[in-house]
Structure formats: structure tokens, C-alpha cells
Amino acid sequence: ILKNVEWLGNKPVRVTYSSDYFQGLYDHAVQLIKQGDAYVCHQKKEEVKASRDALRDAHIAHATSPPAAAVSPWRNSSVEDNLAKFEKMRTGQYDEGEACLRMKGDLMSDNPAMWDTAFYRIKFTAHPHSGDKWCIYPTYDYTHCIVDSMENITHSLCTLEFESRQAADGPYYWLLHKLGFYKPVTWEYSRCNVTRNVLSKRKLNQLVTHNIVNGWDDPRLLTLDGLRRRGYTASAVNSFCESIGVTRSGTITTQMPALENCIRVELDVTAPRRFAVVKPLKVELKGFKGEAVCELPNHPKNADMGSRKVVMGSSIYIERDDFKEVDEASFFGLAPGKEVGLLGTSFVVTCVEVKKGKDGKVESLVATHRERGDTKVKGNLHWVDVKTGIPAECRIYSALFTVDNPLAPPKADAAAPSGPADGAGEEEEEEEG
């Protein structure tokens, strides 16, 4: 993250980590237990889900109190019991998933984020910063608001999936009120959605861990590392972000060509030009003697970038897609009996013979050549000399998915997604890392 932030041209005022505050966060959790605002719960994941489903049904039925099935059996444990159990959590006397610390919120709140959200979980995994000092870790819902307040953050910005947590009746302000802490302003915005890709951390992680892509810097991904490998510059990425702006609409999906256009516009100005043939088709120039040295500009619009000398002999390569056996009115390439120009040279060529292999596939062409003079031809082709051309490895990447909205049901119209392409409303991982 720090390298990417720097690459984008930004310099943080300071860098902090939630783990810097682990002791303080723990102390505040103890304070909440003593106030009767948090309790240790032993419900399993399936039991918690069932209780929340029961609570959701109760709200739909306009119940005035939570049903027994929606209340954790440990919700009303004594402060002493909760303190003792939380200490057992801290000292590793429970297995992972055997206990967690939950807020004692408002089960009748219309905001599901207030339904006794988890604050601490057990995890016997060393932390990158704190090592193995802790085996209990605070969740995002618990950590975010407290650290914001401790660092005197004025405006806390998040994507829309956290809106219910940061609402006026959500756990963000509930916690700060219970602890008597300063309350920052919270503001949410829509995640950037781009067609034919996913930007959710969770979905990206699935692609990486299941080896569908080659790591987080796979050029097909729209991660910053992936974009860098693909050849994007920081200025092009910043230009893209500036062009799409910030919105709270979770249904807006930016077309992939809008991103591609940002780097295309930049490279059009900065990139020196070279000829490259990706799918070569050999053309023998009948009667061509010796070599012709052509001087080509390095940039068609900027003479200050200089020029280069390119040698052309009696055999050249053109793109296979620039040839058709049967000409069409909309086709600007080469065809039998058709004349086209060669970019950067004074020549026009006419295809006079098509050579095919035993499988019927076109293997090479024979063409005549002449000086262009005042002749206006329909098309001009780029080319590479067979003798002096340099073999190259070309890595050509298209979009990651073949449909605009990879999250749409298979029978849905993927060309016109009805919702966000990247899971608005999806919750990220809870544990702080």
C-alpha cells in the first residue's frame, strides 16, 4: 500500500497502524464490559446467523420486543463473569470460535449493525506488527471509530458498504458515545466499478488464491500493481479517477474503455513510435533490388523526438489481419490486385500472387512495387523487414471477463448491468490486520 501511495504521487503526513493501539483498544473493551455494554458470547457462527434471522423476522412482524431465539443465552451474564471470560480469551484458554466479545447493542434497532456486533475474536495467528503478543484481535467495527477518534480524524471516509455501521444509529457513534470520545464526521462514497472486472478485495482474493490469475499483480487485474505491470502510469490512473469523480450511486459502472482511453491519450503524446507485427504474413517484393533506407519520425506530431533509420529489403512482414483474399469496400488492407502504401516509405505495393500451404492456409504473398508519386491509396500498412526485424515477445492483455458484469446471473443481460458490477453492500473482512 505504501509503495502504491508513493507511486501515485502522494506522501502521507504519517503512517499509523491499528496494532499501535492494541493495548488501548483492549483497555476500552474492558471498560465497556464494566459498563455492561459488552459481553462474552459462546454462540457458534450458525447459531448467530439463526438468531439474526429470527430477529429479522421479528422486525418484519413489527414485534415490540426481541424473541427468545434472537437473544444470545450469554447476553445477560454478569460483569464479573464477562471480565473473567474475556481474560480467558486474552490468555488463550478458549479455542478459536469458542468465544467472542460482542457489543450489547439494541436488538430492536432498525439498523442490523446494532444487533450485538462482534468486537473481539480469538485467532492464534501472529500479527505482522505485534507478533504473538495477542491471540485476540479487535474487529473492524470496534477498531475503526476508536482509532479515528484517538487520532483526531476530522472526516472518516469509507465506501458505501459501511454506511449502516457509520450511520447516526450505528455502532460507530454508539461506541464513541459509550466511551465518551470525540466523534469525527463520517462520509461514504461508492466503490469504483469497472466493466469486465472486479474490484472487491474479497473477490480479487478468490481469483488469486484459486490460481485463476497469476497473483495480485496480474496485468488483467485492476489492482495498482496489475495496472503497473500492464504499462499504466500513475498520471494515467490519477487522470482516470479525476475524470469519473466521486459518487454515492452504487449503480454506476464505468466502462473499461474509459480507463484505457486515459493511458492511450497520455501515450499518444509521450510514446515514441515503432513498427511491430504481431501476426506476421510474409510479402516478397518482386523485382526489389538491394535495400532501401527509410527515415521515420519517432513521433508523427512531435519533431523534437527525432527520427530513426529503418531498412527495407525484398521481403517484409505485414499483419495477417491486413490481408484478405476477397476485398471488401470497408477494408483498407491488401487484397489480390489491390494497391496499398507502406508507411514511412515512398512505395506502394500490389498483391499479384497468394501462396498457400497444403492445408489451404495463406503462407505468403508476392507483390510488385513502385514509387508512390501522387497516387492516393485507400490504405497504408505498417511493416517489418524480414532480414533486420528483431523477434519480440508481445504480451497482449484484454479484459479479465468476457461479460460487462461478471456478477450478474448467467441469463441476465450482461451488456447492461442493472446493479453495481462489484457487490455494493458487500461487507469486507471484519478482523483488523
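Being a predicted model, the structure only gives us computed values, none of them experimental. The numbering scheme is per chain: residues are counted from 1 as the chain's sequence reads. Confidence filtering applies because this is a predicted model: local features only for residues at pLDDT of at least 70, side-chain atom pairs given and counted only at 80 or more, and all residues used for totals across whole chains, interfaces and linings. Side-chain numbers come from the whole structure's heavy atoms, not from hydrogens or water.

1. Points about unusual backbone geometry
Here is step 1 of the chain: Phi is positive for His62, close to 60 degrees, though the residue is something other than glycine.
Here is step 2 of the chain: On the secondary structure map, His62 appears in the loop between α3 (45-60) and α4 (79-90).
Here is step 3 of the chain: A positive phi angle, close to 55 degrees, is found at Asn152, a residue other than glycine.
Here is step 4 of the chain: A run of DSSP states H or I qualifies as a helix once it reaches four residues; a run of E qualifies as a strand once it reaches two. Both are numbered from the N-terminal end. Here Asn152 shows up in the loop between α5 (140-150) and β5 (155-159).
Here is step 5 of the chain: For Asn152, a relative accessible area of 56% puts it in the exposed group. The cut-offs for exposure are 20% and 50% of the maximum accessible area for each residue type, with area from a 1.4 Å probe on protein chains only; residues under the lower value are buried, those over the upper are exposed, and the others partly exposed.

2. Considering the sheet that holds strand β7 (residues 280-285)
Here is step 1 of the chain: Note: two strands are recorded as paired if DSSP finds a minimum of 2 bridges between them. Pairing in this open sheet of seven strands is mixed, and the strands run β14-β11-β12-β13-β7-β10-β15 from one edge to the other. Each end of this open sheet is capped by a strand with a single partner; those strands are β14 (380-381) and β15 (384-385).
Here is step 2 of the chain: In the sheet, β7 pairs with strand β10 (residues 315-319) via five bridges, with the strands oriented antiparallel. Residue pairing across strands places Lys282 opposite Tyr317, the latter belonging to β10.

3. Some thoughts on the sheet that holds strand β3 (residues 118-122)
Here is step 1 of the chain: Across the sheet, four strands lie side by side as β1-β2-β3-β4; this open sheet has antiparallel pairing. Edge positions in the open sheet fall to β1 (38-41) and β4 (136-138), since each of these has one partner strand only. When strand polarity is set aside, the average angle formed by the axes of neighbouring strands in this sheet is 20 degrees.
Here is step 2 of the chain: Bridge count for strand β2 (residues 100-103) against β3 is three bridges, and the pairing is antiparallel. Within β3, the position partnered with Cys100 by the bridge is Arg121. Axis definition: a line fitted to C-alpha atoms, over the contacting stretch in the case of helices. Angles run 0 to 180 degrees between N-to-C directions.

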